[in-house]
Amino acid sequence: GIYTLAFTLTETLRSQISGIISRVMLPIYSRMQNDSHGIAVLYLKVTRFMTLTMFPFFITIILYSNDIIELLFGNEWSSAAYPAALLAVSGLIYSVSGPSIEVLQGIGRPSAILRISFINLIFVAMPLTWYLTYSFGVIGSSIAVIVSFAFQRTLSHLKLKSVLEISEFDILIAILPSLIGSMLCY
């Protein structure tokens, strides 16, 4: 129950935004699949939108998860606060990596997504989730999700870099307004 509450709190916004972006952007990327420069520009704009939308939410959860959980669900659920804060980190990772999966689908590289997901599942997500959950319980599960998200999104970004001309600096520039805005708000 504790993990479910923490996961639901953080996953709801992420999945809603990613679902909307996927439904809207996938057909656009598919139509643009021969325009790698246009896709790169659009990818960075969508990444900026995702971070502007998600950063405030996830940073708020990281900083105030205990207060939020107690306010919304009561003191008896306060043990879900730390896992929620950890899982919010995976939301930040997701938003920083932008819609990389949608781009790869749109440009006709679904096999790359399958390979990345398979590698992540077999070599990172399953063994790490088993070990960390067994060793550290809910906190371990939360850390396994963070590492798995980071690994999968890093592989997606590397694949995207190989087909589009996008650097880490380009992504940093795209997310800079979110970073600055978040720092100013907190």
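A brief structural summary. (Residues numbered from 1 in each chain as written. Predicted model: local features only at pLDDT ≥ 70, side-chain atom pairs only at ≥ 80, totals over all residues. Heavy atoms only, no water.)

## Points about the side chain of Ser142
Right, so step 1: In this structure, Ser142 sits in helix α5 (residues 110-163).
Right, so step 2: For Ser142, a relative accessible area of 0% corresponds to the buried category.
Right, so step 3: The contacts of Ser142, once residues within four sequence positions are left out, are Tyr3, Pro83, Leu86 and Leu87. (Helix = DSSP H or I, 4+ residues; strand = E, 2+ residues; numbered from the N terminus. Buried < 20%, exposed > 50% of the residue type's maximum accessible area, 1.4 Å probe, protein only. Contact = heavy atoms within 4.5 Å.)

## Some words on the packing of helix α2 (residues 36-73) against helix α6 (residues 168-185)
Right, so step 1: Interaxial distance between α2 and α6 falls to 9 Å at its minimum, and their mutual angle equals 30 degrees. With respect to their mutual orientation, α2 and α6 come out roughly parallel. Pair α2 / α6 crosses with right-handed handedness. Residues Tyr43, Leu44, Thr47, Arg48, Thr51, Leu52, Phe55, Pro56 and Ile59 of α2 touch α6, and the partners they reach there are Asp170, Ile171, Ile173, Ala174, Ile175, Pro177, Ser178, Leu179 and Ser182.
Right, so step 2: When the residues that make up the contact of α2 with α6 are grouped by side-chain class, the tally is 12 nonpolar, four polar and two charged. (Axes fitted to C-alpha atoms, helices over the stretch in contact; angles between N-to-C directions. Parallel < 35°, antiparallel > 145°, perpendicular 65-115°, else oblique. Left-handed = near helix turned anticlockwise from the far one by under 90°. Nonpolar A, V, L, I, M, F, W, Y, C, P; charged D, E, K, R; others polar.)

## Here we look at empty space enclosed by the protein
Right, so step 1: Counting across every chain of the model gives one cavity of 30 Å³ or more.
Right, so step 2: As a volume, the largest cavity reaches approximately 50 Å³.
Right, so step 3: Taken together, Phe7, Thr10, Glu11, Arg14, Phe58, Leu87, Ser90, Gly91, Val145 and Phe149 form the lining of the largest cavity.
Right, so step 4: Those elements that provide at least two residues to the lining of the largest cavity are α1 (2-31), α3 (81-96) and α5.
Right, so step 5: If you tally residues by element for the lining of the largest cavity, the top one is α1, at four residues.
Right, so step 6: Among the residues making up the lining of the largest cavity, the classes are represented as five nonpolar, three polar and two charged. (1 Å grid on protein atoms, 1.4 Å probe; cavity = no way out; pocket = protein on both sides within 12 Å on 5 of 7 lines; lining within 4 Å. Points joined across faces, edges and corners; volume = space filled by probe spheres on them.)

## A look at the packing of aromatic side chains
Right, so step 1: In total, this model carries four aromatic pairs according to the counting rule given.
Right, so step 2: Ring plane angle 20 degrees and centroid distance 5.8 Å describe the contact between Tyr3 and Phe7, whose orientation is recorded as stacked. In this pair, Tyr3 and Phe7 both sit in helix α1, four residues apart, roughly one turn of the helix.
Right, so step 3: When the ring centre of Tyr94 is taken as reference, the NZ or CZ atom of Arg14 above it lies at 4.4 Å. (Phe/Tyr/Trp six-rings, centres within 6.5 Å; stacked < 30°, edge-to-face > 60°. Lys NZ or Arg CZ within 6 Å of the ring centre and 35° of its normal.)

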